[in-house]
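# Fold and contact review
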Amino acid sequence: MNQSSVVEKPSQGPYTSPPPIGYPTRDAVVGDPPVSSVETKSKGDGFWKGCCAAICCCCVLDACF
């Protein structure tokens with residue numbers, strides 16, 4: 001019996017499309033701008049005031065109708 005040695009390539013999985021332009025990836029490319037840290041600022045308690053106003057509005061409408 002003749003046995004020929006056949007080398008199989010490892011499967012690379014299904015093809016996936018590249019990420020959208022500007023989407024951060026794990027690999028840095030030469031020429032990319034350096035990553036800078038982003039500072040967040042507190043914008044006050046407007047969110048909580050809006051939530052309380054919405055709850056009060058619902059309670060008033062529930063009481064009226």
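A short tour of the structure in this document, coming up. Note that the structure is predicted; figures quoted are calculated from it, not measured.

### Re the overall build of the protein chain
- Of regular secondary structure, the protein chain possesses 1 helix and 0 strands.
- Split into buried and exposed, the 65 residues of the protein chain put 0% on the buried side.

### Section: the packing of aromatic side chains
- Tallied over the entire structure, the rule returns 1 aromatic pair.
- Ring centres 5.0 Å apart and planes at 75° place the aromatic pair F47 and W48 in the edge-to-face group.

### What to know about the state of the cysteines
- Using the criterion set out here, one finds 0 disulfides in the structure.
- With no disulfide of its own, C56 lies closest to C59 among cysteine sulfurs, the gap being 6.4 Å.

Criteria and cut-off values
Residues numbered from 1 in each chain as written. Predicted model: local features only at pLDDT ≥ 70, side-chain atom pairs only at ≥ 80, totals over all residues. Heavy atoms only, no water. Helix = DSSP H or I, 4+ residues; strand = E, 2+ residues; numbered from the N terminus. Buried < 20%, exposed > 50% of the residue type's maximum accessible area, 1.4 Å probe, protein only. Phe/Tyr/Trp six-rings, centres within 6.5 Å; stacked < 30°, edge-to-face > 60°. Disulfide = S-S within 2.5 Å.

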